[in-house]
Amino acid sequence: MNLIGMDAAALEGFFAGLGEKPFRARQLRQWIHQRGESDFARMSDLAKGLREKLTASARIEPPVIVGETTAQDGTRKWLLKVDDANAVEAVFIPETNRGTLCVSSQAGCVLDCAFCSTGKQGFNRNLSTAEIIGQLWLANRLLEGERPVSNVVMMGMGEPLLNLDNVIPALRLMLDDNAYGLSRRRVTVSTSGVIPGMDRLRDECPVALAVSLHAPNDALRDRIVPVNRKYPLRELIKACNRYLEKAPRDFITFEYVMLEGVNDSEQHARELLRIAERVRCKFNLIPFNPFPGTELARSSAERIRRFAELLQRAGLTVTTRKTRGDDIAAACGQLAGDVADRTRRSALYRLKEVRA
C-alpha cells in the first residue's frame, strides 16, 4: 500500500484496518508531506511496533526522477518515471515572491488541442494520486534550502478534470494543514472545458479555476480546442458561473494562447469582450511556445500588446504570461514526457462524441 497518495480520510481508514486510532493518520501525514520522510523507521513519535507494522504492510513511494534540466532563467524540469512504459514532466518556476510547481495529471492527453505538444503524444493512462502528489513531494525535497513551493498549478500533462478520482484526493492533500497547507487561492486547476468535471470539482474541492479558452467563438474553438464540439461556449460560460458560486476567487481566469493569424485580431478581442459581459473573468494571454512538427506561430509582441490594450481599455484585467523555460521545452504547451501506447485516445474520452 503506497501511503503517499492517501488523503486524511483514506489514511484514517488504513489505520483503522490496523487497529490504530485516527490521530495516527495526522502524524503520518506530517511525517510524509511536511518533513518529506519516506522511512518509517525514522518516524520517532510512532511506537516501534507500529513502525514495524508499517514497514511490513506499506511504503512511501513517489515517482522516480529519470531526468532533470535547468533553464537559463532558473526554471527546473523533471522527467518522472511512473511505470515501465511512461514518464511525465513537472516544472518548477522560481519567482521573487513565490515558487510555482506545474503538475501533470495524465500520461499524455486525450484532447489533442492544436497548440499543445502534450496532446500530440496521444494518451496512455491517468496518473494515480500517489503519482500526482508525488511530484509536489519530490519538488519540496529537491528544493530544500531554496524557494519552497508556494503555488501549485495543475497545468502540466493531461486534462485534470478527466482524472478527478485521483486529482481530488491530491488537491485535498495540498490544502491539508497537516500536509502542505496551501490555500485554495494558491492551487489552480486548469481545464479545457470539461463541464461535468467543473461541476464535480465545484462541489467536492473548489480551488482556483483556469479555463483554456483560446478562441472567442465556437467555429474557431471547434478547430483548435476539439472538446468545444461537445461542450460549446454557451454551456461553458454557464458552468463557469456555477463554479463561481463556490470558488475561492471571484473570477475565472481565461487562458488565451496567442497564435499568429489564427485568434489574435482586433475582431477576436472584441468578441472576447462579449464573453466577459457574461461571466466575471480575467484574461491571461500566453505567447505560443513552438514545438517540433507544429505549423503554428507565435503572435508578435506588438500584436499581443495591442490585443491586451483593447481588452484593458474595456476595464478588464489582462496579464501576459512571461515565457519561462522555453530553452528546455518547459514552457506552457511544450511538455511531452515519454508516453507509450499513444493510440489510446478513446480510453476516457471519445472524439467521435466530440465531433457529433
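Cut-off values and rules
Residues numbered from 1 in each chain as written. Predicted model: local features only at pLDDT ≥ 70, side-chain atom pairs only at ≥ 80, totals over all residues. Heavy atoms only, no water. Helix = DSSP H or I, 4+ residues; strand = E, 2+ residues; numbered from the N terminus. Buried < 20%, exposed > 50% of the residue type's maximum accessible area, 1.4 Å probe, protein only. Contact = heavy atoms within 4.5 Å. Areas by Shrake-Rupley, 256 points an atom, 1.4 Å probe, with all protein chains shown as cover. Phe/Tyr/Trp six-rings, centres within 6.5 Å; stacked < 30°, edge-to-face > 60°. Lys NZ or Arg CZ within 6 Å of the ring centre and 35° of its normal. Axes fitted to C-alpha atoms, helices over the stretch in contact; angles between N-to-C directions. Parallel < 35°, antiparallel > 145°, perpendicular 65-115°, else oblique. Left-handed = near helix turned anticlockwise from the far one by under 90°. 1 Å grid on protein atoms, 1.4 Å probe; cavity = no way out; pocket = protein on both sides within 12 Å on 5 of 7 lines; lining within 4 Å. Points joined across faces, edges and corners; volume = space filled by probe spheres on them. Nonpolar A, V, L, I, M, F, W, Y, C, P; charged D, E, K, R; others polar.

Caption draft 1: Fine view of the overall build of the protein chain. When its secondary structure is counted, the protein chain shows 11 helices and 12 strands. The proportion of buried residues among the 356 residues of the protein chain is 56%. Long-range pairs, those at least 24 residues apart, make up 67% of the contacts in the protein chain between residues at least 6 apart in sequence. Roughly 15200 Å² of accessible area belongs to the protein chain as shown, and the carbon and sulfur atoms make up 46% of that amount.

Caption draft 2: Seen up close, the packing of aromatic side chains. If you walk through the whole model with that rule in mind, you get 4 aromatic pairs. With 5.6 Å between their ring centres and 75 degrees between their planes, F14 and F15 make a pair best called edge-to-face. Relative to F283, the ring of F254 lies with its centre 5.7 Å away and its plane at 40 degrees, an arrangement referred to as tilted. Separated by 29 residues along the polypeptide, F254 in strand 10 (residues 252–258) and F283 in strand 11 (residues 281–287) bring together distant segments of the chain. Its relative accessible area of 1% is what places F254 among the buried residues. Classification of F283 as buried rests on a relative accessible area of 0%. Directly above the aromatic system of W31 lies the positively charged group of R35, at a separation of 4.0 Å from the ring centroid.

Caption draft 3: Local environment of the packing of helix 5 (residues 164–175) against helix 6 (residues 195–204). At their nearest, the axes of helix 5 and helix 6 sit 11 Å apart, and the two run at 30 degrees to each other. In terms of their interaxial angle, helix 5 and helix 6 are classed as roughly parallel. Remark: the crossing between helix 5 and helix 6 carries right-handed chirality. Where helix 5 abuts helix 6, its residues L164, D165, I168, L171 and R172 lie against G197, R200, L201 and E204.

Caption draft 4: Quick peek at the layout of surface pockets. Within this model, the second largest pocket holds a volume of roughly 160 Å³. Lining the second largest pocket we find N2, R59, E61, P62, P63, V64, K81, V82, D83, S128, A130 and E131. Its residues placed into classes, the lining of the second largest pocket shows 5 nonpolar, 2 polar and 5 charged.

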